[in-house]
Amino acid sequence: MTAAASTQTAKPVHRLRTGLPKIGIRPVIDGRRKGVRESLEEQTMTMARNAAALLSAELRHPCGLPVECAIADTCIGGVAEAADCAEKFSRAGVGVSLTVTPCWCYGTEVMDTDPLIPKAVWGFNGTERPGAVYLAAALAGYNQKGLPAFSIYGRDVQDAGDESIPADVQAKLLNFARAGLAAAGMRGTSYLSVGSVSMGIAGSVVDDHFFSDYLGMRNEYVDMSELVRRMEESIYDKDEFKRAMAWVKAGCREGEDVNKKALQHSREEKDREWEVSVMMTMIIRDLMVGNPALAEMGFGEEALGHNALAAGFQGQRQWTDHFPNGDVAEAILNSSFDWNGIRQPYIVATENDSLNGAAMLFGHLLTGTAQIFSDVRTYWSPEAVKRVTGAVLKGRAENGIIHLINSGPTALDGTGRQTSDGKPAIKPFWEISGDEVKRCLEATDWCAAELEYFRGGGFSTQFLTVPDMPVTMSRINLIKGLGPVLQIAEGYTVGIPDAVHEKLNRRTSPTWPTTWFAPRLTGKGAFRDVYSVMANWGANHGAISFGHVGQRLITLASILRIPVNMHNVPAEQVFRPSAWSMFGTGEPESADFRACRTYGPLYR
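What counts and what doesn't
Each chain carries its own residue numbering, running from 1 in the direction its sequence is written. Local features in this predicted model are restricted to residues whose pLDDT is 70 or higher, and side-chain atom pairs enter the listing and the counts only when it is 80 or higher, whereas totals over whole chains, interfaces and linings include all residues. Only hydrogens and water are set aside when side-chain values are computed; all heavy atoms of the structure are taken into account. The term salt bridge refers to a side-chain nitrogen of Lys or Arg lying within 4 Å of a carboxyl oxygen of Asp or Glu. Any residue under 20% of the maximum accessible area for its type is buried, any over 50% is exposed, and the rest in between are partly exposed; the area is computed with a 1.4 Å probe on protein chains only. Here the term patch refers to residues with relative accessible area over 30% and no salt bridge, with like charges joined within 9 Å and nonpolar side chains (Val, Leu, Ile, Met, Phe, Trp, Tyr) within 5 Å. Only the protein chains shown count as covering a residue, and every accessible area follows the Shrake-Rupley method with a 1.4 Å probe. When charges are counted, Lys and Arg are positive and Asp and Glu negative, with His and the chain ends excluded. A single reference atom marks each charge: NZ on Lys, CZ on Arg, CG on Asp, CD on Glu. Here a helix means four or more residues in a row that DSSP labels H or I, a strand means two or more in a row labelled E, and each is numbered from the N terminus. DSSP-based pairing: two strands are paired if at least 2 bridges between them are found.

S.K.: Go over the pattern of salt bridges with me, naming the residues and quoting the values.
M.R.: Tallied over the entire structure, the rule returns 30 salt bridges. In this structure, the salt-bridge partner of aspartate 375 is arginine 377, at a minimum N-O distance of 2.8 Å. Judged by its relative accessible area of 27%, arginine 377 is partly exposed. By sharing partners, the salt bridges in this structure join Glu226, Arg229, Arg230, Glu233 and Glu302 into a single network.

Right, dumping it as structure tokens:
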């Protein structure tokens, strides 16, 4: 059995109990009959159909299934038809609302008033009818009622018969839709805490008010002893376990053991640690989303799972002082593949850092890709690198680099051995090939755990992320008296000479995966230099997503009412509800804080 033998096809599967949100499209119209409305019916409904076609063609849910749109049965000219539309959307499971129009409408009569559904208005930029006038009036109404809405309006005037969607309008439609679907997709799901607080890390003090008030998620809690119970009572699929062990033996190459010879575990002990690690992987997954195979074995309650969109595993120290660490489980679950084939990644935070887990979840929902979880470990200045290695950093690394490294859930996708348009990438699972899975596995060693950290043994992944991938690092922090804030740093993975990497890497934990990161600098504030980025980062962890997706994160944060306290996204890419400008245009960061405080958490 080869490493890629079970990874040739990827089947989209929605594995949670909560439904997938739809995008509801509301064609609104001037309600005056006897000439006005009749002349606009086809143009207005065509706008709705074209918007639905764009969104359906361009977007998928992270599980790989296509995004569906629901269009109101008729154009909406007044409150009666608005009520009919709201009723249809409620039955259809709409979680995101897009209003479209080319003309004047009766603002407060046709508006969407559901306070929990993210909403935007696209006003056609044409001169024949006052679509821009309605857009301004509608947004004034939404703002006056405290219902933030996004404004979508093309830069260039179009002719009335032009059915195309300009590129700038498409960009805003897609940005809003992605963020709206991410917000709606979290609602009603769970964050599963497996264990409790790891080594006093504040992020693993799971704050249920943050998850419920801001994300619409519930919190579920399971003691780590549940893993022991399920292992000892064989509450897992034994056929799958055999298949998993065969896959591991064929494709997971053991690396170095850096422990002192006298302390190294025997071959028999290591074999048992592999078995326990694979059982842990299966059991944590089953705890998250359930497993019908368990019901067939007579374990109906265990088969249900916790409807968990994300989870965290405490591990250290109560678990890892006695049992194999969670590194295998976290790395495999967070990857886009395992012994069952190519599939959607699971989001599992190491050390149960739920706040970094939430940032990973944001990145996954907005891109569909696997996420990297890392310690924001060390800032290496050019001077320090030269002193230690004699080398001069060049290229994107010339201003210094940040060492991202962590034992656990750096997905194997983080090796960068997938390609898109001939360049290294981390891709949505439905675009990944079996050969790319094989390359990710071949780039990874599984090293015996460092016993001074993990007394119970286990294995940690060791790889080096390829350079020149655009990535975005983010993090949520909770601040007493303020609430959650989001940090964003766009940049690139960078390459340094092998000898330099080896010398720097050996100064820390060489058996863990490394990503060298250079943030994009702006010359001011937190992005004045690389040191300032490190100095302003709010915690010891960061979530890294492929691509420069800071603008998507900013849009999502505004929907959830989470202010952004540092970012290096170009100003022209920032897209927030129109109300945000009413809180000030001179200092957008300050306006963001004031708007989020005024509106409060989305689900409060």
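There's more to say after this.
S.K.: Explain a negative patch on the surface residue by residue, including any values.
M.R.: Residues Glu128, Asp159, Asp162 and Glu163 make up a contiguous surface patch of negative charge. Examined against the element boundaries, aspartate 162 turns out to sit in the loop between β5 (150-152) and α5 (167-186). On the basis of relative accessible area, aspartate 162 is assigned to the partly exposed category, the value being 32%.

S.K.: Any details on the pairing of strand β20 (residues 483-493)? Residues and values, ideally.
M.R.: Counting buried residues along β20, ten of its eleven residues qualify, which places the element largely inside the surrounding structure. Of the strand pairs in this sheet, β20 and strand β23 (residues 564-566) are connected by two bridges, and their pairing is parallel. For leucine 486, the partnering residue across the bridge sits in β23 and is valine 564. Looking at chain direction, β20 and strand β21 (residues 514-519) are connected through three bridges and run antiparallel.

S.K.: An account of the sheet that holds strand β17 (residues 445-448) is requested, with residue identities and associated values reported.
M.R.: Read across the sheet, three strands follow the order β8-β17-β18 without closing on themselves; strand pairing throughout is mixed. Two strands bound the open sheet, and with one partner strand each, they are β8 (253-254) and β18 (459-462). Bridge count for β8 against β17 is two bridges, and the pairing is parallel. Residue pairing across strands places arginine 253 opposite aspartate 445, the latter belonging to β17.

S.K.: A description of unusual backbone geometry should follow, citing residues and the corresponding values.
M.R.: Working note: non-glycine residues mostly have negative phi, and peptide bonds are mostly trans. Backbone torsion omega between glutamine 316 and arginine 317 reads -5°, so that peptide bond is classified as cis. Relative to the assigned elements, arginine 317 resides in the loop between β9 (308-313) and α11 (327-334). Phi is positive for lysine 34, which is not a glycine, with a value near 65°. Inspection of the secondary structure assignment puts lysine 34 in the loop between β1 (22-27) and α1 (36-58). The exposure class assigned to lysine 34 is exposed, which follows from its relative accessible area of 85%. Non-glycine residue aspartate 468 carries a positive phi angle of around 70°. Among the structural elements, aspartate 468 can be located in the loop between β18 and β19 (470-479).

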